[in-house]
Amino acid sequence: MPLTVKTRRQRSRRIIVTLLSGLLPMLLGFAILYLQAERALEQSTRLTAEEAIRQFELMLDNTAQAARELLPLAGKSCIDVNLALREQVTRRPFVRSTNLVWDDTNYCSSLFGDFREKIEAGDYSNGTLQLMKGNLVTPDSAVLVYRIGEGQKGALSTLDGYHLSNVLRMIGRSTILMLQVGPHWLTADGQFHQDPLPALPVAQTRLGSSRYAFSVTAGFPEGETWRYMSSEYPPLFSLLIFFGVVSGSIGHFVQKRSSSPSHELQRALEAAEFVPYFQPVVHGDSKKWSGTEVLMRWKHPKEGLVRPDLFIPFAEHSGLIVPMTRSLMQQTAALLAPLSTSFESPFHLGINITASHCKNLELVEDCRTFLGNFAPGSIHLVLELTERELIEPTAITLQLFEQLHALGVMIAIDDFGTGHSSLGYLRQFNVDFLKIDQSFVALIGTDALSRHILDTIIELSAKLDLGIVAEGVETEEQSDYLTAHGVNFLQGYLFGRPMPGEDFIKALSHH
Ligand code: C2E
Ligand code: CA
Ligand code: CA
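Residues numbered from 1 in each chain as written. Chains lettered and ligands numbered in written order. Predicted model: local features only at pLDDT ≥ 70, side-chain atom pairs only at ≥ 80, totals over all residues. Heavy atoms only, no water.

Asks: Hey, could you run me through the environment of Phe-56 in this one?
Replies: Assignment of secondary structure puts Phe-56 in helix H1 (residues 8-70). A sequence separation of 429 residues divides Phe-56 from His-485, and the C-alpha atoms of the two residues are 119 Å apart. If sequence neighbours within four positions are ignored, Phe-56 has contacts with Leu-164, Val-167, Leu-168, Leu-179, Phe-214 and Val-216. (Helix = DSSP H or I, 4+ residues; strand = E, 2+ residues; numbered from the N terminus. Contact = heavy atoms within 4.5 Å.)

So this is what it looks like as structure tokens:
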């Protein structure tokens, strides 16, 4: 449609909307997958941490059992109990050494026998566990010491760090897993650390044992979410791309549809943007107003007032011209019917009708409804049919025009002289008026040969006993010439331009 010529801005807006409608669902889907991957990783680290806790508790149960069995021996001479200490080491799979304590002094060891070492209670996390870098025999292999005490008596059993790091390695696999006891912590490679525990960037989970004073931290290194997504979600990515393309195409299609001429006209019709303008038609002799032609205007919200020749062809093509004409007739009746009682002689109301409106008998009903609004006999409804688009004489159209005439509706051939209507045609449809096209009126005052065509048309209509309306009268010279040649009705800027209903009603009262 000429009035919706696509500017560069509109085109780029359309491309942006298409891209957004394709990209947004993809980005949304991607974000959902990212969150899903994070949740899956968090669940995985939680399960890993829970499993590690379970394993460490089992190992500590075994180690604690050794200490519990040795506790009653505390205070006895080391030589007497040394065998019992060693027996626990041999019998228990995870126990590396055992010790007896009296009054906070470690005095007997399964490794060295008689022994003296002061024990600080604060060394032990929660009083029962201490993670050490190593012991005197294996200074580079971490040990976890379990302590039990009762009065002056005390017993220690140590859990081999090798077993601990083994558990961290086996359960952790792709997860980073760390065992923490008080301020010290152990990694899967068996390394003992005492600096602050590092934060794990992805899906960090920290769980504490409910039975022993240790905790486990599990998590993943930087970038694990992306790695997980790229290994687990390729089919979903393909699906996302597919949906993106589909949604982008839908976006493109919807925009195309909503900017299509018929969609735009439908919208305008619903928004009542098509309004009637009125141009007076005057008597050739007296120049008094004899009637008006109703001309459609589109009050476009952005483009302003749009001329009918810019949109009528699209309205005809989309079939919307019929409801648009109906709306125009309703508005015309609403505006002029209240004045109809004051019309002295029948006022001519010319309505432009297209051939598509004549395909069935609906037009008869439309005219009946229209006329029903006015005081009886106060108006002459004249349907203007352009000669450029002649109506085929079929059974239906002949019946239609018969019924229209029976209703008192008159027929005018618009733009007469530009088409090829024959005499037979004019008779068949019982035509009442010929509207001489303004291109012929414009010839007045030019060379005699051209003017001859105009004279012939006037003569012809006089012979056929048809009323003549001359369109496009702009000058006094044209008006005088036409009147002198017996043209009954004149229409043109000389007498009045098409105007809105309110202005027309005001002007009408002066005429
Ligand atoms: P038309 O039926 O031949 O209407 C006369 C056209 O000439 C109108 O243009 C009018 O404004 C213009 N006109 C009137 N006096 C003068 C004048 O002295 N000088 C010049 N240069 N022009 C003059 P408009 O309103 O732009 O309408 C253009 C055409 O659009 C109409 O030609 C008609 O074919 C069509 N049209 C208008 N309203 C309707 C409608 O409601 N239904 C249908 N189907 N077609 C319509
Ligand atoms: Ca017309
Ligand atoms: Ca015309």
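Having put the structure on the table, let's press on.
Asks: Looking at this structure, how should I read a nonpolar patch on the surface?
Replies: The grouping of Leu-236, Leu-239, Phe-242, Phe-243, Val-246, Ile-250, Phe-253 and Val-254 at the surface amounts to a nonpolar patch, some 740 Å² of accessible area in total. Relative to the assigned elements, Val-246 resides in helix H5 (residues 234-258). (Patch = residues over 30% accessible without salt bridge, like charges linked within 9 Å, V, L, I, M, F, W, Y side chains within 5 Å. Areas by Shrake-Rupley, 256 points an atom, 1.4 Å probe, with all protein chains shown as cover. Salt bridge = Lys/Arg side-chain N within 4 Å of Asp/Glu carboxyl O.)

Asks: What exactly am I supposed to notice about the UniProt feature "transmembrane region" (unreviewed entry) in the protein chain here?
Replies: Sequence positions flagged by UniProt for "transmembrane region" (unreviewed entry) are, in local numbering, residues 15-35. Counting secondary structure, residues 15-35 comes out at 100% helix and 0% strand; the distance between its end C-alpha atoms is 30 Å. (UniProt positions renumbered as here; feature names shortened; annotations may be inferred.)

Asks: Got a minute to help me understand the state of the cysteines in this structure?
Replies: Cysteine pairs can be linked by a disulfide, which is a covalent bond between their two sulfur atoms. Per the counting criterion, the structure on display carries 1 disulfide. Covalent S-S linkage joins Cys-78 and Cys-108, the inter-sulfur distance amounting to 1.9 Å. Because the torsion about its S-S bond is 75°, the bridge between Cys-78 and Cys-108 counts as right-handed. Placement of Cys-78 in helix H2 (residues 78-91) and of Cys-108 in strand E2 (residues 105-109) is noted, with a sequence separation of 30 residues between them. (Disulfide = S-S within 2.5 Å.)

Asks: Could you clarify how one ought to interpret helix H3 (residues 161-172) in this entry?
Replies: Given 3.6 residues per helical turn, the α-helix brings residues three or four places apart onto the same face. The terminal C-alpha atoms of H3, which comprises 12 residues, lie 16 Å apart, in line with the 16 Å expected from a rise of 1.5 Å per residue. Within H3 the residues assigned to the buried category are Gly-161, Leu-164, Ser-165, Val-167, Leu-168, Ile-171 and Gly-172. Buried positions in H3, seen along its axis, are confined to an arc of 150° and lie on one side of it. Measuring from the side-chain oxygen of the N-cap residue of H3 to the backbone nitrogen of Tyr-162 gives 2.9 Å; that N-cap residue is Asp-160. Backbone geometry just downstream of H3 places Arg-173 in the positive-phi region, at approximately 45°. (Expected span 1.5 Å × (residues − 1). Buried < 20%, exposed > 50% of the residue type's maximum accessible area, 1.4 Å probe, protein only. Arc of directions from axis to C-beta. Polar contact = N/O pair within 3.5 Å; in protein donor to acceptor, adjacent residues only side chain to side chain.)

Asks: Is there a simple way to explain the coordination of the calcium ion (ligand 3) in this structure?
Replies: Taken together, Asp-414 (OD), Asp-415 (OD), Glu-471 (OE) and Glu-471 (OE) make up the protein donors of the calcium ion (ligand 3), found 2.1 to 2.8 Å from the metal. The sequence motif formed by the donor residues of the calcium ion (ligand 3) is D-D-x55-E. A distance of 4.6 Å spans the gap from the calcium ion (ligand 3) to the calcium ion (ligand 2), which Asp-414 bridges by coordinating each metal. Asp-414 gets classed as buried once you look at its relative accessible area, which sits at 7%. (Donors = N, O, S within 2.8 Å, 3.2 Å for Na, K, Ca; no water.)

Asks: Explanation requested: the nonpolar core in the structure shown.
Replies: When a protein is soluble and globular, its nonpolar side chains tend to lie buried together. Among the nonpolar cores identified, the biggest contains 72 residues, and Phe-274, Phe-311, Leu-383, Phe-401, Leu-404 and Leu-482 are the most heavily contacted of them. Tallying contributions element by element places helix H8 (residues 321-336) first for this core, with 7 residues. With residues up to four places along the chain from it excluded, the contact list for Leu-404 reads Leu-363, Val-364, Cys-367, Leu-383, Val-409 and Ile-411. One finds Val-81, Ile-148, Val-167 and Val-181 within the second-largest nonpolar core, a separate group that totals 39 residues. (Core = buried A, V, L, I, M, F, W, Y, C linked by side-chain atoms within 4.5 Å.)

Asks: Got a minute to help me understand the site of ligand 1 in this structure?
Replies: Taken together, 21 residues sit near ligand 1, with Gln-279, Arg-297, Asp-414, Glu-474 and Tyr-493 positioned nearest. At 3.1 Å, a side-chain N or O of Asn-352 approaches an oxygen atom of ligand 1. Tyr-493 has a polar backbone atom sitting 2.8 Å from an oxygen atom of ligand 1. Relative to its unbound accessible surface of 790 Å², ligand 1 loses 84% to contact with the protein. Contributions of two or more residues to the shell around ligand 1 are made by strand E13 (289-300), helix H7 (308-318), H8 and strand E17 (410-416). (Near = heavy atom within 4 Å.)

Asks: What's the story with the sheet that holds E2 in this structure? I'm lost.
Replies: Backbone hydrogen bonds hold the strands of a sheet together, and the pairing may be parallel or antiparallel. Read across the open sheet, the 6 strands follow the order E3-E2-E1-E6-E5-E4; overall the sheet is antiparallel. The open sheet has two edge strands with one neighbour each: strand E3 (113-118) and strand E4 (129-132). Adjacent strand axes in the sheet meet at a mean angle of 25° when their direction is disregarded. In this sheet, strand E6 (residues 153-160) lies alongside strand E1 (residues 95-102) in antiparallel orientation, the contact comprising 7 bridges. In the sheet register, Asn-99 faces E6, and the bridge partner there is Leu-156. On the sheet, H1 packs against E1, E4, strand E5 (143-150) and E6 and is oriented at approximately 150° with respect to E6. Each of E1, E2 and E3 is contacted by H2, which is oriented at about 150° to E1, the strand it contacts most. (Pairing = 2+ DSSP bridges. Axes fitted to C-alpha atoms, helices over the stretch in contact; angles between N-to-C directions.)

Asks: Sorry, what's going on with the packing of aromatic side chains here?
Replies: The description of an aromatic ring pair uses the distance of the two centres, along with the angle that the planes make with each other. Taken as a whole and assessed by the stated rule, the structure comprises 19 aromatic pairs. An angle of 35° between the planes, with centres 5.4 Å apart, marks the rings of Phe-274 and Phe-311 as tilted. Residue Phe-274 is found in strand E12 (residues 274-283), and its partner Phe-311 is found in helix H7; the two are separated by 37 residues along the sequence. Looking at Phe-274, the relative accessible area reads 2%, which means it is buried. Looking at Phe-311, the relative accessible area reads 0%, which means it is buried. On the basis of an interplanar angle of 65° and a centroid distance of 4.8 Å, the ring pair of Phe-401 and Phe-429 is categorised as edge-to-face. Taken together, the residues span a long stretch of sequence, with Phe-401 in helix H10 (residues 395-407) and Phe-429 in the loop between helix H11 (423-428) and strand E18 (433-436) at a distance of 28 residues. Phe-429 sits in the buried class, given a relative accessible area of 2%. An aromatic cluster is built from Phe-278, Trp-289, Phe-343, Phe-347 and Phe-504, whose rings are joined through pairwise contacts. Its guanidinium or amino end placed over the ring of Tyr-124, Arg-147 lies 5.2 Å from that ring's centre, counting from NZ or CZ. (Phe/Tyr/Trp six-rings, centres within 6.5 Å; stacked < 30°, edge-to-face > 60°. Lys NZ or Arg CZ within 6 Å of the ring centre and 35° of its normal.)

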